[in-house]
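Spelled out, the chains give:
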Protein chains: 4
Amino acid sequence: MKKVSIVGGSGYTGGELVRLLLHHSEVFIHQVSSRGHLGEYLYQVHPNLRKQTDLKFCDPDQIEAVDILFLAMPHGKAQTEIKKYAGLASKIIDLSADFRLKNPVLYEKWYGSPHAAPEWLDKFAYGLPEINREQIQQANYVSGVGCNATAAIMSLKPLVDADLLVKDQEPIIEIKTGSSEGGVSVNPGSHHPERSGVIRTFSAFGHRHTAEVIQAYGFESVRLTMTAVDLVRGALATAHVKLKPGTAKKDVWKAYRNAVNENVFVRLVNERRGIYRVPEPKILAGSNYVDIGFAMDEDTGHLVSICAIDNLMKGASGSAVQSMNLMMGWDEMTGLSFPGLHPV
Amino acid sequence: MKKVSIVGGSGYTGGELVRLLLHHSEVFIHQVSSRGHLGEYLYQVHPNLRKQTDLKFCDPDQIEAVDILFLAMPHGKAQTEIKKYAGLASKIIDLSADFRLKNPVLYEKWYGSPHAAPEWLDKFAYGLPEINREQIQQANYVSGVGCNATAAIMSLKPLVDADLLVKDQEPIIEIKTGSSEGGVSVNPGSHHPERSGVIRTFSAFGHRHTAEVIQAYGFESVRLTMTAVDLVRGALATAHVKLKPGTAKKDVWKAYRNAVNENVFVRLVNERRGIYRVPEPKILAGSNYVDIGFAMDEDTGHLVSICAIDNLMKGASGSAVQSMNLMMGWDEMTGLSFPGLHPV
Amino acid sequence: MKKVSIVGGSGYTGGELVRLLLHHSEVFIHQVSSRGHLGEYLYQVHPNLRKQTDLKFCDPDQIEAVDILFLAMPHGKAQTEIKKYAGLASKIIDLSADFRLKNPVLYEKWYGSPHAAPEWLDKFAYGLPEINREQIQQANYVSGVGCNATAAIMSLKPLVDADLLVKDQEPIIEIKTGSSEGGVSVNPGSHHPERSGVIRTFSAFGHRHTAEVIQAYGFESVRLTMTAVDLVRGALATAHVKLKPGTAKKDVWKAYRNAVNENVFVRLVNERRGIYRVPEPKILAGSNYVDIGFAMDEDTGHLVSICAIDNLMKGASGSAVQSMNLMMGWDEMTGLSFPGLHPV
Amino acid sequence: MKKVSIVGGSGYTGGELVRLLLHHSEVFIHQVSSRGHLGEYLYQVHPNLRKQTDLKFCDPDQIEAVDILFLAMPHGKAQTEIKKYAGLASKIIDLSADFRLKNPVLYEKWYGSPHAAPEWLDKFAYGLPEINREQIQQANYVSGVGCNATAAIMSLKPLVDADLLVKDQEPIIEIKTGSSEGGVSVNPGSHHPERSGVIRTFSAFGHRHTAEVIQAYGFESVRLTMTAVDLVRGALATAHVKLKPGTAKKDVWKAYRNAVNENVFVRLVNERRGIYRVPEPKILAGSNYVDIGFAMDEDTGHLVSICAIDNLMKGASGSAVQSMNLMMGWDEMTGLSFPGLHPV
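Residues numbered from 1 in each chain as written. Chains lettered and ligands numbered in written order. Predicted model: local features only at pLDDT ≥ 70, side-chain atom pairs only at ≥ 80, totals over all residues.

1. A closer look at the overall build of chain A
Put simply, the rule is: Secondary structure elements are taken from DSSP: a helix is a run of H or I of four residues or more, a strand is a run of E of two residues or more, and numbering for both begins at the N terminus.
Of the regular secondary structure elements, chain A holds 10 helices and 14 strands. Dimensions of chain A, computed from the C-alpha atoms along their principal axes, are close to 60 × 45 × 40 Å.

Next up, the structure:
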């Protein structure tokens with residue numbers, strides 16, 4: 001059993017990490033820190049952990065050396081303290097946005113300030129196994145993923161891998177998300193009377209996760225439009241793209257099937273009957289699956305690609321645990337077997 | 001046209017008042033104050049008022065003399081400033097809890113500190129027309145109502161009026177409420193990810209609105225249990241009471257029908273078919289109706305009385321406008337004709 | 001007071017029509033028919049109408065001559081019976097899809113069967129006042145509007161009117177909708193456990209309302225993608241379009257302001273602060289307003305236009321009543337003054 | 001590995017059973033039957049099972065002999081076919097209401113028709129381990145539990161076990177439930193526009209699950225009042241009871257702690273701070289825990305006991321699997337370790 005700790009465990013991704021690691025057969029949790037909840041039992045913040053663990057939140061300054069260290073602090077913190085934490089563990093997985101982008105110029109453009117540790121950017125592998133498995137397997141340092149970036153990237157992956165997209169038309173990707181994506185901090189817009197029942201397009205373009213999609217596939221530009229809906233967990237990406245002339249439907253099917261065959265957590269959903277014919281985040285809460293599907297207009301080559309995830313799992317903590325499994329040479333699915341509920 | 005102003009118009013009850021008064025045929029709004037939103041257009045805080053009014057929030061210290069003044073400040077404020085406001089208007093309707101209870105001892109017991117203007121308590125009529133119409137008609141000062149108190153009182157009213165209840169068994173009243181009851185201020189428990197999908201019994205007993213129910217009917221005690229559910233507007237009271245021996249079902253029917261006949265906003269809902277067989281707040285959003293219904297166990301005299309309201313309307317601003325109509329001798333329904341939506 | 005009747009009044013649009021007409025100062029309702037609910041009180045089907053009217057559903061075969069007749073039957077019925085109804089009223093407003101498209105070829109293409117009364121298509125004016133006011137004013141027959149078509153058309157209207165769009169790139173319009181759009185009939189996918197919490201892209205393209213958008217603006221093609229979300233009332237269109245080179249932001253502002261100035265029910269929502277910065281259907285339930293807004297990328301000419309409506313009001317019954325007002329020479333807002341609720 | 005099959009696997013409890021058994025370390029699923037979905041893959045009905053199993057629904061008439069047989073058919077079916085199924089497996093767990101009540105007279109009173117196999121009633125142990133562990137351990141036949149009965153029974157258990165309740169006052173138990181309790185069949189009241197946002201007291205008293213509570217504790221009568229709220233999974237019981245004179249708060253604490261100590265799935269939730277101070281079904285989706293808590297009025301001996309469960313887990317399939325574990329001598333928690341999600 002390997003020893004793991006989590007720095008910053010009182011947020012939603014931190015809580016999800018604890019839940020996953022408590023049931024992981026290869027590790028045990030040594031410490032979980034939280035400055036704001038110092039001394040409290042974990043279950044007082046994460047009520048689903050009651051009777052699961054007697055751990056209390058410790059001071060982040062008292063984090064000890066372990067085999068694997070997860071950093072789940074607010075964006076901007078990890079880059080200023082990475083050296084310290086690198087002294088405590090040979091394997092680090094950082095869930096913040098700090099080490100996702102390889103190019104410090106790109107980082108500054110999208111995050112508005114220079115990176116505090118640009119020399120570390122190259123040491124981190126981007127933590128989405130479905131597009132970066134080999135690098136992660138050999139990495140000591142792995143970044144987190146943006147939840148919307150994950151949904152967007154995975155909606156395009158089959159088509160990019162099979163080289164089916166025209167180059168000159170930027171993908172337009174509409175993402176609908178639940179409220180947990182905004183994190184644990186309260187704000188006027190997250191007040192239940194104001195957030196309930198919304199269809200709120202809060203970012204028409206310019207969302208920071210766009211940078212990860214661009215980096216993943218080398219597009220010149222991609223449009224991410226973010227709309228908040230009444231749901232806690234889940235994100236759906238609906239991508240509008242143009243196929244190369246002559247692309248046949250069977251080429252597209254093959255591309256999607258390849259993505260499924262090469263990735264244990266990818267499923268193709270494209271049914272002609274029943275209620276769940278397309279990918280939907282509703283049934284993915286708590287699951288690490290990423291469901292993909294598509295509709296193609298053969299006359300015009302217009303394709304709508306759909307991708308559903310649980311933003312706290314595949315879009316955050318699930319991918320982080322999956323990355324850990326790869327880094328450590330364990331079965332990729334270890335600790336990630338929960339399939340989700342129906343109905344829910 | 002009478003001139004009205006609202007002190008404290010940036011909260012949910014203040015906004016609802018503005019909406020109602022803008023469409024009221026007998027009044028026009030002169031000023032609406034808000035210290036926190038000073039200088040902002042009303043529609044920037046109450047987005048449903050866009051294109052309805054060009055009013056901006058003024059400083060509460062600049063409120064001028066008017067015919068009718070509504071006070072919609074946080075609890076505890078009106079009692080310290082009532083003299084000042086009485087100098088500005090001969091008719092005042094205060095929506096806070098400050099002047100609901102007649103007995104300063106009762107006030108201190110339930111609100112935890114002595115009343116700042118006990119000599120004013122008797123000058124205020126309790127602002128629930130369905131139990132206090134005549135007093136309101138002759139009053140210059142009318143209090144607001146607690147939303148849960150309104151639901152509880154109205155669930156018992158037919159039975160109390162007809163003297164059908166045994167004295168020695170306290171009513172147990174379960175109230176389920178939406179999130180707007182908590183007001184406009186954000187707190188960790190109102191954060192959408194935490195508040196969505198809840199069934200949260202946040203007050204087993206001891207809720208302050210209990211005092212209003214006791215005052216209304218002279219019960220020795222009443223149990224109000226509050227459970228928050230996933231809804232923005234609406235409250236449902238389910239009251240469990242014991243009927244006097246010998247009470248027949250037709251006596252109960254008669255009691256409920258009387259309540260309906262004597263009150264334009266009371267409706268009896270007791271259907272044998274269809275979807276909406278009992279009172280439900282779902283269809284009352286924006287409406288001033290109070291729907292009542294019951295189920296009776298003839299063998300035992302156990303009766304379950306059900307009452308549904310929109311907490312911001314009948315449970316707050318709607319009753320306040322209705323009270324104004326009575327004070328001014330206008331038709332009781334003026335400005336309150338919106339029947340609610342279906343489906344919604 | 002003019003006499004109106006409604007054929008097919010048990011569905012959601014029929015119920016909404018009754019609600020609106022009961023409070024309309026120029027008309028009174030003579031009859032409302034429903035074969036399935038024959039003899040029932042209207043309020044047994046539309047629970048918000050309790051204590052509003054004593055009308056019962058009559059047999060559609062017993063509809064009598066009136067001044068204005070609304071047809072709110074399932075799609076396909078009105079076209080087979082239009083002659084009969086034209087004998088009963090000189091003014092007819094049909095809310096179904098039967099007379100929206102002028103071209104019978106287009107009708108057959110999108111609805112899958114030949115039109116039963118193609119000679120009537122030209123007699124009907126398309127019932128969206130914001131793009132067809134003058135025709136409606138002079139018409140005896142007015143069609144309904146598709147709710148998604150309305151949201152899509154209104155998202156494009158300012159840009160089309162000002163001729164700001166490039167011709168060679170088809171608009172991509174993502175529409176998110178509530179469940180009431182599906183009508184009153186139950187199906188496995190509308191079962192609450194399956195429909196609650198969804199983000200379900202049920203139509204990637206090919207939705208029938210597309211035809212109305214094409215007809216309105218003469219585009220060669222438009223992409224409408226439909227996603228169901230957890231909400232009862234409301235639709236949001238997010239349109240992605242390309243502006244002509246050289247279009248400045250002030251040109252766009254002017255275009256949107258023109259749409260507002262020329263249409264009493266159109267509002268521009270584009271705030272820099274507060275919670276409601278963009279159009280949202282949440283605050284439009286029960287209202288006839290259509291809120292529009294936009295975000296523009298000046299570097300590339302990419303524009304995201306956002307439009308929010310209540311699908312049962314502006315997207316159906318509200319526009320129908322507004323059309324009646326225009327046909328009859330009444331104030332356009334008569335009976336449509338409800339501004340919507342906040343919070344809700 | 002033991003061989004298990006499920007008769008009637010297309011409903012919500014059947015689907016939940018499959019999910020649990022697929023991850024159970026001691027069993028494998030041999031067959032799952034469904035007449036209505038014959039030949040379909042399980043994941044076409046239970047979309048969360050995609051990529052989990054290749055099983056297809058078989059004909060119920062082709063169910064073969066196995067070690068353990070689960071019956072998850074509609075109420076009334078198992079009692080007519082129990083002999084047949086007893087020939088196929090030595091261990092049977094029936095999730096319907098057919099074998100919950102021991103007394104055929106009680107069965108007929110609450111279910112309206114005579115029991116078809118009264119001689120089998122005594123052979124079945126009531127399948128709620130928390131009140132019947134020893135019998136279940138020795139049983140070959142175990143019944144299911146009513147979800148509302150489970151919540152009600154567990155809200156009273158600590159007090160009954162410690163003999164703290166007065167005899168002459170009937171418990172009043174208010175239960176709020178999600179929509180999955182109604183099962184997989186669609187009806188007008190489960191249509192999303194009608195079921196969304198409800199607070200609907202659909203049964204004031206007389207709910208069939210009352211019989212199980214009476215049987216469990218020998219009360220003369222108990223009041224169960226059922227209110228549907230906007231949630232898919234979950235039930236909360238709020239029980240109002242009277243304590244024997246002289247009962248101290250520490251006696252009550254001790255009673256609740258005993259219930260926790262003796263039952264691995266029972267948790268006591270009674271916090272002074274944080275958001276989740278009382279039991280809430282929100283965080284229990286997918287979990288087999290039953291959370292209990294209380295508030296006591298020491299002056300009067302009035303106690304409010306609160307119990308939260310996932311109706312499809314502890315209230316149905318979870319208790320069934322737990323019962324299987326006990327019958328087979330396995331660890332009680334096998335296959336039931338999922339702790340639930342937060343937030344969700």
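2. A word on the relation of the copies chain D and chain C
Heads up, the condition is: In superposing the copies, a least-squares fit is computed on C-alpha atoms, taking residues whose pLDDT is at least 70 in both. Distance between backbone-placed C-beta atoms decides contact: two residues are in contact if it is within 7 Å.
When chain D is brought onto chain C, the operation consists of a screw motion whose angular component is 180° and whose axial shift is 0.0 Å, with 0.0 Å RMSD remaining. On this basis, the relationship between the two copies can be described by a two-fold rotation axis. A share of 100% of the interface residues of chain D reappears at the interface of chain C, consistent with the copies meeting face to face through the same patch.

3. Description of the domain arrangement of chain A
All names here are of chain A. Stated precisely, the cut-off is as follows: What fixes the domain bounds is an automatic or database domain assignment.
Along its sequence, chain A is carved into domain 1 (2-125) and domain 2 (147-309). Inter-centroid distance (C-alpha atoms) of domain 1 to domain 2 is 27 Å. If you look at the interface, domain 1 gives 9 residues, while domain 2 gives 7 residues. Per-element accounting of the side of domain 1 that touches domain 2 gives the leading share, 3 residues, to helix α4 (residues 104-111).

4. Focus on unusual backbone geometry
All names here are of chain A. With an omega dihedral of -5°, the bond running from histidine 342 to proline 343 counts as a cis peptide bond. Considering the arrangement of structural elements, one finds proline 343 in the segment after α10 (313-328). A positive phi angle, close to 70°, is found at lysine 51, a residue other than glycine. If you trace the backbone, lysine 51 turns up in the loop between α2 (42-45) and β3 (57-58).

5. Considering the interface of chain A and chain C
Heads up, the condition is: Ten residues, namely Ala, Val, Leu, Ile, Met, Phe, Trp, Tyr, Cys and Pro, are considered nonpolar, four, namely Asp, Glu, Lys and Arg, are considered charged, and the remaining ones, Gly among them, are considered polar.
In this complex, chain A contributes 35 residues to the contact, which on the side of chain C involves 35 residues. Those elements giving two or more residues to the side of chain A that touches chain C turn out to be β8 (172-177), α7 (192-195), β9 (199-203), β10 (223-229), β11 (235-242), β13 (290-297) and β14 (302-309) of chain A. No other element matches the 4 residues that β10 of chain A contributes to the side of chain A that touches chain C. Across the side of chain A that touches chain C, the residue classes break down as 17 nonpolar, 9 polar and 9 charged.

6. Digging into the sheet that holds strand β10 (residues 223-229) of chain C
Residue and element names in this part refer to chain C. Spelled out, the test is: Here a strand pair is declared whenever DSSP counts at least two bridges between the two strands. Angles shown run from 0 to 180 degrees and are taken between the N-to-C directions of axes, each axis being a line fitted to C-alpha atoms and, for helices, limited to the stretch in contact.
Pairing within the open sheet is mixed, and its 7 strands lie in the order β9-β10-β8-β11-β14-β13-β12. Edge positions in the open sheet fall to β9 (199-203) and β12 (266-268), since each of these has one partner strand only. Taking the axes of each pair of neighbouring strands and ignoring which way they run, one obtains an average angle of 25° across the sheet. Both β12 and strand β13 (residues 290-297) contribute to a ladder of 3 bridges, which runs parallel. Along β13, the bridge assignment pairs leucine 268 with isoleucine 292. Packed onto the sheet, helix α6 (residues 147-161) meets β8 (172-177), β10, β11 (235-242), β13 and β14 (302-309) and runs at close to 40° relative to β11.

7. Thoughts on the sheet that holds strand β3 (residues 57-58) of chain C
All names here are of chain C. Taking strand neighbours across the sheet as the criterion, the 7 strands line up as β3-β2-β1-β4-β5-β7-β6 in an open arrangement whose pairing is parallel. In this open sheet, the two strands that pair with only one neighbour each are β3 and β6 (124-125). Relative to strand β4 (residues 68-71), strand β1 (residues 2-7) is paired through 4 bridges, and the arrangement is parallel. Across the sheet, the residue bridging to serine 5 is leucine 69, located in β4. Here helix α1 (residues 12-22) sits on the sheet in contact with β1, β2 (27-33) and β4, set at roughly 155° to β2.

8. Re the interface of chain D and chain C
As a measure of interface size, the accessible area lost when the parts come together is often cited. Between chain D and chain C, the contact holds 12 residues from the first and 12 residues from the second. Tallied by class, residues from the side of chain D that touches chain C come to 4 nonpolar, 7 polar and 1 charged.

9. Structural notes on the relation of the copies chain A and chain C
Mapping chain A onto chain C calls for a rotation angle of 180° and an axial translation of 0.0 Å; the resulting RMSD is 0.0 Å. Same-surface contact between copies: 100% of interface residues of chain A are shared with the interface of chain C.

10. Quick notes on the nonpolar core
The tendency in soluble globular proteins is for nonpolar side chains to be buried side by side. We apply this condition: Each nonpolar core comprises buried Ala, Val, Leu, Ile, Met, Phe, Trp, Tyr and Cys residues, the members being joined through C-beta atoms within 7 Å. Counting other C-beta atoms within 10 Å of each residue's C-beta, where C-beta atoms are placed from the backbone, gives the exposure class: buried for 20 or more, exposed for 12 or fewer, partly exposed between.
With 453 residues, the main nonpolar core has Ala152 of chain A, Ala152 of chain B, Ala152 of chain C together with Ala152 of chain D as its most contacted residues. Excluding residues that lie within four positions of it along the chain, alanine 152 of chain C makes contacts with Ile173, Ile175, Val213, Leu224, Ala237 and Ala239 of chain C.

11. Describing the confidence of the model for chain A
Fine structural detail should not be taken from predicted coordinates in areas where pLDDT scores are low. Here is the rule we go by: Known as pLDDT, the predictor's per-residue confidence is scaled from 0 to 100.
Model confidence for chain A is summarised by a mean pLDDT of 97, while 100% of its residues fall at 70 or above. Among the prediction metrics, the complex's ipTM stands at 0.96, with pTM recorded as 0.97.

12. Points about the pairing of β11 of chain A
Residue and element names in this part refer to chain A. Burial within β11 is extensive, with 7 of its 8 residues counted as buried. As paired elements, β8 and β11 share 6 bridges and run antiparallel to each other. Along β11, the bridge assignment pairs threonine 177 with alanine 235.

13. Some remarks on the packing of α1 of chain C against helix α10 (residues 313-328) of chain C
Residue and element names in this part refer to chain C. Here is the rule we go by: Put simply, angles under 35 degrees are roughly parallel, angles over 145 are roughly antiparallel, angles from 65 to 115 are roughly perpendicular, and the rest are oblique. Crossing handedness is defined as follows: a turn of the near helix away from the far one that is anticlockwise and smaller than a right angle gives a left-handed crossing, while the clockwise case is right-handed.
The N-to-C vectors of α1 and α10 enclose an angle of 45°; their axes lie 9 Å apart at closest approach. On the basis of the axis angle, α1 is oblique to α10. The two elements α1 and α10 cross, and the hand of that crossing is right-handed. Each of Thr13, Glu16, Leu17 and Leu20 in α1 lies in contact with α10, whose residues at this interface are Met313, Ala316, Ser317, Ala320 and Val321. Taken together, the residues of the contact of α1 with α10 sort by class into 6 nonpolar, 2 polar and 1 charged.

14. Quick notes on the environment of threonine 201 of chain A
Mapped onto the secondary structure, threonine 201 of chain A falls in strand β9. Separated by 26 residues in the primary sequence, threonine 201 of chain A and isoleucine 175 of chain A place their C-alpha atoms 9.4 Å from one another. In this structure, threonine 201 of chain A is in contact with Thr225, Met226 and Thr227 of chain A together with Leu236, Thr238, Val278 and Ile306 of chain C, ignoring residues within four places of it in sequence.

15. Observations regarding the environment of isoleucine 29 of chain C
All names here are of chain C. For isoleucine 29, the location among the structural elements is in strand β2. Judged by local crowding, isoleucine 29 falls into the buried class, with 20 C-beta atoms found within 10 Å. Contacts of isoleucine 29, omitting those with residues within four sequence positions, involve Val4, Val18, Leu21, Leu22 and Leu55.

16. Points about the pairing of strand β10 (residues 223-229) of chain D
Residues and elements named next belong to chain D. Of all the 7 residues making up β10, 7 are buried; the element is thus mostly covered by neighbouring parts of the structure. The pairing of strand β8 (residues 172-177) with β10 spans 6 bridges and is parallel. Bridging across to β10, glutamate 174 finds its partner in threonine 225. Here strand β9 (residues 199-203) runs beside β10; their pairing, made up of 3 bridges, is antiparallel. Paired with serine 203 across the bridge in β10 is methionine 226.

17. Focus on the environment of serine 317 of chain A
Of note, serine 317 of chain A is situated in helix α10. In the structure, serine 317 of chain A is positioned 245 residues away from alanine 72 of chain A in sequence and 9.3 Å away in space, judged by C-alpha atoms.

18. What to know about the packing of helix α6 (residues 147-161) of chain A against helix α8 (residues 210-217) of chain A
Residue and element names in this part refer to chain A. Running from amino to carboxyl end, α6 crosses α8 at an angle of 25°, the nearest separation of the two axes being 9 Å. Classed by the angle they form, the pair α6 and α8 counts as roughly parallel. Note that α6 runs across α8; the crossing there is right-handed. Note on element contacts: α8 touches α6 through Glu212, Val213, Ala216 and Tyr217, opposite Ala149, Ala152, Ile153, Leu156 and Val160.

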